[in-house]
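# Chain and residue survey
In case you want the letters, here they are:
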Amino acid sequence: MSKVGVLLLNMGGPDSLEAVKPFLYNLFSDPYIANFGIMQKPMAWLISFLRADKVKKAYERIGGKSPLKEITIDQAVCLENALGSGFKVLAGMSYWYPFIEDGVDEFKNSHIKKVVVLSLYPQFCTATTLSAVERFKKLANGIFEFKIIDSWCDYSLFIDVWIQQIEKSFEKYGSDAFVLFSAHGIPYSLYKKGDPYISEVERTVRAIVSKMRLKQWKICYQSRTGPVQWVKPSTEETIEALAKNGIKKTLVVPVSFVSDHIETLYEIDIVYKEKANMLGLDLYRVPSLNTLPEFIEVLKNLVLDSL
């Protein structure tokens, strides 16, 4: 009997400083990320050209590359071990190696007929989840029988792992810390069109907060780029407001990121931490889930439930 393929979808990240510019070009070539119509490729080239140096400097601060490729491949290996011999698990990235196409090709070469596609974006968003899923479907239609897991924002085991991570951080830094749930932002225009992402982030946070009975908490949004209006409040504005209100300690939960990459290692750990410290606020980050055994169990159960 042939194995079941499992493809873990994620964004991907540059695996060297030389890869930053082509990674950005791939990112902005995606009309789901930014739709420039017939000017898509020229605008992607221009944005990647203008932004590459600044983005390289950020990657230099975290070791000269994104760890997302290694982490996602490690998650695939751990998940395959957890699922057992009837499964083959691969990573499929949208904007850098190993691409979604690479995973599909490997499944074909392995004569796999059935595939479970598991998005590593827990909260569904058109710009990320739908883009990756549609790309897979175009490649896979007529070749595989497939199931797609494109949202698991309040899946109980996922909520439990975040609670475990927050509780460990409370033990380390004190349970009096104000909890900031920081998610990747989206343009306000996307939210107004009815994209479910913001409501799914809120569902994740509500599930955590109600189970923990948290008293001091807030949702905020990070990683704004470009001149357009983004959803608010921003993480930076929220940090400023906490300091102004006399809060001395905050725990940041990167609630929409299951793996470490530039948004956690640079934006939260360096930029926001430095800003908070300047304002007299101690900022600590709740560790990402990465290859935590309990998180691999979450992925395992999502796959098995879908079958």
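Residues numbered from 1 in each chain as written. Predicted model: local features only at pLDDT ≥ 70, side-chain atom pairs only at ≥ 80, totals over all residues. Heavy atoms only, no water.

### Examining the pattern of salt bridges
Selection rule: What counts as a salt bridge is simple: a side-chain nitrogen of Lys or Arg found within 4 Å of a carboxyl oxygen of Asp or Glu. Segments assigned H or I by DSSP are reported as helices when at least four residues long, segments assigned E as strands when at least two residues long, and all are numbered from the N terminus. Summary of the burial criterion: residues with accessible area below 20% of their type's maximum are buried, those above 50% are exposed, and those between are partly exposed, where the area comes from a 1.4 Å probe applied to protein chains only.
A full pass over the atoms with the stated rule returns 15 salt bridges. Lys249 is the salt-bridge partner of Asp176, the closest N and O atoms lying 3.0 Å from each other. Taken together, the residues span a long stretch of sequence, with Asp176 in the loop between helix H6 (156–173) and strand E5 (178–184) and Lys249 in strand E7 (residues 249–253) at a distance of 73 residues. With its nearest N and O atoms 4.0 Å apart, the salt bridge here joins Glu200 to Arg203. Here Arg203 and Glu200 lie together in helix H8 (residues 197–212), a separation of three residues that amounts to about one turn. What makes Glu200 buried here is its relative accessible area of 9%.

### Structural notes on the sheet that holds E7
The condition is simple: Following DSSP output, two strands are said to pair if at least two bridges run between them. Axes here refer to lines fitted to C-alpha atoms; in helices the fit is confined to the stretch in contact. Angles between the N-to-C directions go from 0 to 180 degrees. Throughout, a residue-residue contact means that at least one pair of heavy atoms, one from each residue, lies within 4.5 Å.
In spatial order, the strands read E6-E5-E7-E8; together these four strands make up an open sheet with parallel pairing. At either margin of the open sheet sits one strand with a lone partner, and together these are strand E6 (217–222) and strand E8 (282–285). Here the average twist between neighbouring strands, direction ignored, is 30°. Examined bridge by bridge, E7 and E8 share four bridges and lie parallel to one another. For Lys249, the partnering residue across the bridge sits in E8 and is Asp282. Against the sheet, helix H10 (residues 262–278) touches E5, E6, E7 and E8, its axis set at about 165° to E8.

### Side note on H8
Threshold: Each helix should span, by expectation, one fewer than its residue count multiplied by 1.5 Å.
The end-to-end C-alpha separation of H8 is 23 Å, in line with the 22 Å expected for 16 residues at 1.5 Å each. Residues of H8 that are buried: Tyr197, Ile198, Glu200, Val201, Thr204, Val205, Ala207, Ile208, Val209 and Met212. In the core, the buried residues of H8 are packed alongside H6, E5, helix H7 (188–192) and E6.

### With respect to the packing of H6 against H8
This is how the line gets drawn: Under this scheme an angle from 65 to 115 degrees is roughly perpendicular, one under 35 degrees roughly parallel, and one over 145 degrees roughly antiparallel; angles in between are oblique. Here a crossing is called left-handed whenever its near helix is offset anticlockwise from the far helix by less than a right angle, and right-handed whenever the offset is clockwise.
Viewed as axis vectors pointing N to C, H6 and H8 meet at an angle of 60°, and their least axial separation amounts to 10 Å. Relative to H8, H6 is oriented oblique. Once H6 is placed against H8, the crossing between them reads as right-handed. Between H6, through Phe158, Ile159, Asp160, Trp162, Ile163, Ile166, Glu167 and Phe170, and H8, the contact on the second element is made entirely by Thr204, Ala207, Ile208, Lys211 and Met212.

### With respect to the layout of surface pockets
Applicable threshold: With a 1 Å grid laid over protein atoms only, a set of points is called a cavity when a 1.4 Å probe fits there but cannot get out and a pocket when it is open yet has protein on both sides within 12 Å along at least five of seven lines; lining residues have an atom within 4 Å of a point. Grid points are joined across faces, edges and corners, and a volume is the space filled by probe spheres set on the points. When residues are grouped by polarity, Ala, Val, Leu, Ile, Met, Phe, Trp, Tyr, Cys and Pro land in nonpolar, Asp, Glu, Lys and Arg in charged, and all others, Gly among them, in polar.
Roughly 280 Å³ of internal volume is contained in the second largest pocket. Lining of the second largest pocket is provided by 15 residues; of these, Ser29, Asp30, Pro31, Ser131 and Arg135 occupy positions nearest its centre. Among the secondary structure elements, those contributing two or more residues to the lining of the second largest pocket are helix H1 (20–28), helix H2 (40–60) and helix H5 (126–140). With five residues, the top contributor of residues to the lining of the second largest pocket is H5. Tallied by class, residues from the lining of the second largest pocket come to five nonpolar, four polar and six charged.

### Re the packing of aromatic side chains
The cut-off we apply is this: Centres within 6.5 Å are what make two rings of Phe, Tyr or Trp a pair, Trp counting through its six-membered ring; a difference in plane orientation under 30 degrees is then read as stacked, over 60 as edge-to-face, and the rest as tilted.
One pass over the structure, following the stated rule, counts 11 aromatic pairs. Ring geometry for Phe107 versus Phe144: centroids 6.3 Å apart, planes at 90°, classification edge-to-face. Placement of the pair is Phe107 in helix H4 (residues 100–109) and Phe144 in the loop between H5 and strand E4 (145–149), with a sequence separation of 37 residues. On the accessibility criterion, Phe107 (0% relative accessible area) is buried. Note on Phe144: relative accessible area 7%, which makes it buried. Aromatic side chains Tyr188 and Tyr191 sit 5.8 Å apart centroid to centroid with 50° between the ring planes, which places their arrangement in the tilted category. Of the two residues, Tyr188 and Tyr191 both sit in helix H7, three residues apart, roughly one turn of that helix. Members of the aromatic cluster, each reached through a chain of ring pairs, are Trp96, Tyr97 and Phe99.

### Some remarks on the nonpolar core
The line we're drawing: Take the buried residues of types Ala, Val, Leu, Ile, Met, Phe, Trp, Tyr and Cys, join any two whose side-chain atoms come within 4.5 Å, and each joined set is a nonpolar core.
Counting residues in hydrophobic clusters, the biggest one holds 54 residues, and the most contacted among them are Trp152 and Phe181. Here the element with the most residues in this core is H8; it accounts for eight residues. Setting aside its immediate chain neighbours within four residues, Phe181 contacts Ile166, Val205, Ile208, Val209, Leu214, Trp217, Lys218, Ile219, Cys220, Val253 and Val255. Membership of the second largest hydrophobic core comes to 20 residues, among which are Ala19, Ala34, Ala58 and Trp96.

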